[in-house]
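Understanding the architecture of this molecule
So you can see what is in the structure, the chains are spelled out below.
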Amino acid sequence: DWLDVSDVVQAAVERARKYFPGKVIETGIAPDLPLVEGDSVLLGQVLFNLLDNAVKYGGDEPVNVYARKDGGDVLISVTDLGKGIPPSEIDRVFEKFYRRGKPDGRAPGTGLGLSIARGFVEAMGGRIHAESPAVKKRGTRIVIRFPASEKKAGGAK
Ligand code: ATP
Ligand code: MG
């Protein structure tokens, strides 16, 4: 199916705002994004997982979500300003059941969110990776890329 990334990002952010009241989630969604091939339910779940991590591990500052065109790709990013992920673990966090260090006791997770996210994104023909420190030597940015189609949102889907 063709999906409109801006609709899916907007819906996931609205869901996260309801689920995490008090958390500031800022968005920058470019207009006229090309449609991408994928499943909006799966992509919505991926984004909600990333937002859940950004809230759990991202400290008190706002989380930023961007969607824009980047060359031949549509790029979606979720960025927080938390403690970040050391370079040695930046790929391992996508492994099944991988959790960094000791669980801190609050909102313990299962270590599945990012491995599921990678599985869903790759099944849709996209790629996902982590960058950290994203900003001023802290924080985490998760970047998703999908090959853009020629189709634009607003046309026949
Ligand atoms: P689950 O998502 O299943 O509830 P989880 O959040 O522990 O559990 P993942 O989402 O797969 O599992 O993340 C794996 C690990 O990567 C986390 O335990 C955490 O240590 C680290 N991590 C993920 N996102 C961030 C982030 N935004 N900032 C810092 N560390 C992160
Ligand atoms: Mg998680």
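Above: the structure in question.
Residues numbered from 1 in each chain as written. Chains lettered and ligands numbered in written order. Predicted model: local features only at pLDDT ≥ 70, side-chain atom pairs only at ≥ 80, totals over all residues.

Let's talk about the environment of Gly-44
To be explicit about the condition: Secondary structure elements follow DSSP: runs of H or I of four or more residues count as helices, runs of E of two or more count as strands, with numbering from the N terminus.
Here Gly-44 shows up in helix 2 (residues 40-57). For the pair Gly-44 and Trp-2, spaced 42 residues apart in the sequence, the C-alpha separation amounts to 14 Å.

Structural notes on the sheet that holds strand 7 (residues 140-147)
For clarity, the cut-off: Between any two strands, pairing holds if DSSP finds at least two bridges. Between the N-to-C directions of two axes lies an angle of 0 to 180 degrees, each axis being a line fitted to C-alpha atoms and, for a helix, fitted only over the stretch in contact. Two residues qualify as being in contact provided that their C-beta atoms, derived from the backbone, are within 7 Å of each other.
Taken in spatial order, the five strands make up an open sheet running 2-4-5-7-6, and their pairing is mixed. Here the strands that pair on one side only, and so sit at the sheet edges, are strand 2 (25-29) and strand 6 (127-131). Each adjacent strand pair in this sheet contributes to an overall mean axis angle of 15°, direction not counted. Taken together, the eight bridges between strand 5 (residues 73-80) and strand 7 define a ladder with antiparallel strand orientation. Its bridge partner being in strand 7, Asp-73 is matched across the sheet by Pro-147. Most of the contacts of helix 1 (residues 5-19) go to strand 2, to which it runs at about 175°, and overall it touches strand 2, strand 4 (63-70) and strand 5. Against the sheet, helix 2 contacts strand 2, strand 4, strand 5 and strand 7, and its axis sits at roughly 25° relative to strand 5.

Brief notes about the site of ligand 1
Defined as follows: For each residue, a C-beta atom is placed from the backbone, and the residue is labelled near a molecule or strand when this atom is within 6 Å of it. All residues other than Ala, Val, Leu, Ile, Met, Phe, Trp, Tyr, Cys, Pro, Asp, Glu, Lys and Arg, Gly among them, are scored as polar; the first ten of these are nonpolar and the last four charged.
In the neighbourhood of ligand 1, 22 residues make up the surrounding shell, with Tyr-57, Arg-100, Gly-109, Gly-113 and Leu-114 lying closest. Those elements that place two or more of their residues in the shell around ligand 1 are helix 2 and helix 3 (113-123). By residue number, the principal contributor to the shell around ligand 1 is helix 2, which donates four residues. For the shell around ligand 1, the residue count by class is seven nonpolar, 11 polar and four charged.

Considerations on the nonpolar core
Rules: Note on terminology: a nonpolar core is any set of buried Ala, Val, Leu, Ile, Met, Phe, Trp, Tyr and Cys residues joined through C-beta atoms within 7 Å. The exposure scheme places C-beta atoms from the backbone and then counts, for each residue, the other C-beta atoms within 10 Å of its own, assigning buried at 20 or more, exposed at 12 or fewer, and partly exposed in between.
Residues Val-5, Val-9, Leu-47, Leu-50 and Leu-51 are the most contacted members of the largest nonpolar core, which totals 35 residues. Setting aside chain neighbours within four positions, we find Val-5 in contact with Leu-33, Val-36, Ala-67, Val-74 and Ile-76.

Some words on helix 3
Here is the rule: As used here, the arc belongs to the directions running from the helix axis to the C-beta atoms.
Buried residues of helix 3: Leu-114, Ala-117, Arg-118, Phe-120 and Val-121, and no others. Buried residues of helix 3, viewed axially, fall in a sector of 170°; they line one side. With respect to the buried face of helix 3, the exposed residues turned more than 90 degrees away are Glu-122 and Ala-123. Buried residues in helix 3 make contact with helix 2, strand 6 and strand 7. Immediately beyond the C-terminal end of helix 3, within one or two residues, lies Gly-125, with a positive phi of roughly 85°.

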